[in-house]
Amino acid sequence: MKIFNTLTRQKEDFKPIEPGKIRMYVCGPTVYNYIHLGNARSAIAFDTIRRYFEFKGYQVTYVSNFTDVDDRMIQEARREKITVPQLADRFITAFLKDTAALNIEPASLHPRATHEIDAIIAFIQVLIAKGAAYEADGDVYFRTRSFPNYGQLSGQNIEALENGASEHVDPVEQARKEDPLDFALWKARKRSDEIAWPSPWSLGRPGWHIECSVMSTKYLGDTIDIHGGGEDLEFPHHENEIAQSEAKTGKTFVHYWMHNGFVTVGPEAQKMSKSLHNFVTVHDLLKSVEPQTLRFFMASVQYRRPINYSLNNLKQATIILDRFQQAFQTAQFRLTKDGQSVVSPELKEMIDRTEKQFVSAMDDDFNVQNALSAIYDLLPVMNQHLTEKTVDLAQVKRFCQDLSSWLRVFGVTLKQETTALKENDDHVQKLLAARKKARQEKDWDRSDELREQLERLGVHVQDTPQGMRWTRD
Ligand SMILES: [Zn+2]
C-alpha cells in the first residue's frame, strides 16, 4: 500500500509502527461556529481513509481534537454574552450531530484543549528546560531557530520564512519575542474578563499549535503512524507541531503526513473565504441536501484533490449512488426468490477482478475515483445477469456483500430492500396482497388501480419475471 507523504513529497510504501495497528491523529475544528464544507471535507476524507484501513483489517486508533479556546472563541463568546465553555459545548454538540448525519465515525477519542491544561503546562516546562522555549512577560515562545529541521514539512528555508515573519503580527507579541520566527506556546491574558488558567508564567491560555503536540503524544505516543489535516494546516501549524514535539521527545513525531485538498464553491469554483461570504455550513446545507448524498459526493473525490461543490456535481454523485442502490436492491430481490441456481464462471471472474481493482486503486494513495469506476463497471454485467431466467445465486449473494462493504468505506449504507417497509404498514401489506391476487385473477384494471394507490403512499411496484417487487421512497 502506498501513501503520499507530504514530508517527502512522494508516495511511500506504508509500514505501520506496530503490525496490524494504526495510530492516527487528525486536527479537528475550532468550535466557535457550525462546521463548514472545508471542515466536513477533512473529516470525511480521513474517515474514508480510516474506514479503508478497517476494511483491510487494521485496528485503528483515531484521535481528533476540539480547539475550544482561541481568539475567535473569546470574541464570539463575548459577542453572544456567554462563556467560552458554553460556546464550545454548543458547537461540539452541533459537530457531533452534523458528522453523525454524514456517517462519519466518532473518533476513538475527541480531546478538548481546555481539558488538557496540566499536560500542556508540563510539556512547555520540558521545552523551557531544554532551551527550546523561553518566557517573556508572562508569554512563552518556542525558539524556532533552535530546531534545525524547521521548514522541512512545508519545504521552506529559514531565510525565506524570516522575510515573511514580521507581517500580521501583534506588536506587543513582537516586542516580547527574541526572534520574529518564534511562536507562542502560552499567552498571558490581555483583559481581566478573559478566560484564563494559572501557570508558572501567568494567568493565560495555551497557543493553538501546542495543543496538538500534547494530545497526539499523550494519547497516541511520541511517534505515530499518520497525522492528517487540511492542506492549509501544513504551515505553520504542522511545521510547529513537528518542532515542538521533536524538540521535546528527540524522536520522529509522525511517519506519514497527509493533507487533504480544499473545497471550492459554485460553477466558478471559488475558494471559500470570509470576504466572499461563501462559507457554506453543513448545518444549513443539510436542510436541503440528503446527508448520504453529500457524504458520498465528498468521499468520491481523492483526498488530495480539490472538491468543487456545485449542484451539478452533487447531482452526478446522486445518479451514481442511485445506480449502486438499484443494483443492490435488484440483486437482493432476486435472492429472496428461490429458483434454480446456475454456476456462472464469467460472473465470478468479473467479481474477482473488481475486488482486485478496488483494492489496488485504494492501495494507491486512496484513489477513490478508480475504485468507484471499477465497481461501476461491474453493474451492467450484474444487471444483465439478474435479468436471466436462472442466476448464479452464490455470486449474486457475494455481489451484495462486496458492494455493501465497498460502499461502507465511502460512508454509504445501502438500503435493504426488505427493510424499506415499516412494521406498522398493514395497510400497504394488504394492498400488495390484494394486487398480487388481482394479477393472479388477471384483473388488470384492479391491479392498476391498486398500483396507483400504492404509488400515492410512496410504494413503487414493479412486475418482474420473478414476481412482484416493490420499493419505497
Ligand atoms: Zn492540529
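Before reading further, recall that the structure is shown in the block above.
Residues numbered from 1 in each chain as written. Predicted model: local features only at pLDDT ≥ 70, side-chain atom pairs only at ≥ 80, totals over all residues. Heavy atoms only, no water.

**Considering helix α4 (residues 117-129)**
Here comes step 1: The end-to-end C-alpha distance of α4, which contains 13 residues, comes to 18 Å, matching closely the 18 Å that a straight helix rising 1.5 Å per residue would cover.
Here comes step 2: Listed in full, the buried residues belonging to α4 are Ile117, Ile120, Ile121, Phe123, Ile124 and Leu127. Down the axis, α4 shows its buried residues gathered within 160° of arc, on one side only. For α4, the exposed residues lying more than 90 degrees away from the buried face are Asp118 and Ala129.
Here comes step 3: Buried residues along α4 sit in contact with β5 (133-136), β6 (139-142), β7 (183-188), β8 (204-206), α7 (208-220) and α8 (234-249). (Helix = DSSP H or I, 4+ residues; strand = E, 2+ residues; numbered from the N terminus. Expected span 1.5 Å × (residues − 1). Buried < 20%, exposed > 50% of the residue type's maximum accessible area, 1.4 Å probe, protein only. Arc of directions from axis to C-beta. Contact = heavy atoms within 4.5 Å.)

**With respect to the sheet that holds strand β9 (residues 224-230)**
Here comes step 1: Pairing is parallel in the open sheet, where four strands are placed in the order β4-β3-β9-β10. In this open sheet, the two edge strands, each paired with only one partner strand, are β4 (59-64) and β10 (254-260). For this sheet the average axis-to-axis angle between neighbouring strands, irrespective of direction, equals 20°.
Here comes step 2: Those strands touched by helix α1 (residues 37-55) are β3 (21-26), β4, β9 and β10, and its axis lies near 165° from that of β4.
Here comes step 3: This element, α7, spans β3, β4 and β9 of the sheet and lies at about 160° to β3. (Pairing = 2+ DSSP bridges. Axes fitted to C-alpha atoms, helices over the stretch in contact; angles between N-to-C directions.)

**As for the coordination of the zinc ion**
Here comes step 1: Listed as protein donors to the zinc ion are Cys27 (SG), Cys212 (SG) and His237 (NE2); their distances from the metal cover 2.1 to 2.2 Å.
Here comes step 2: Coordination of the zinc ion draws on donor residues from a single chain, spaced C-x184-C-x24-H in sequence. Residue Cys27 is found in the loop between β3 and α1, and its partner Cys212 is found in helix α7; the two are separated by 185 residues along the sequence. In this structure, Cys27 and Cys212 share a single accessibility class: buried. (Donors = N, O, S within 2.8 Å, 3.2 Å for Na, K, Ca; no water.)

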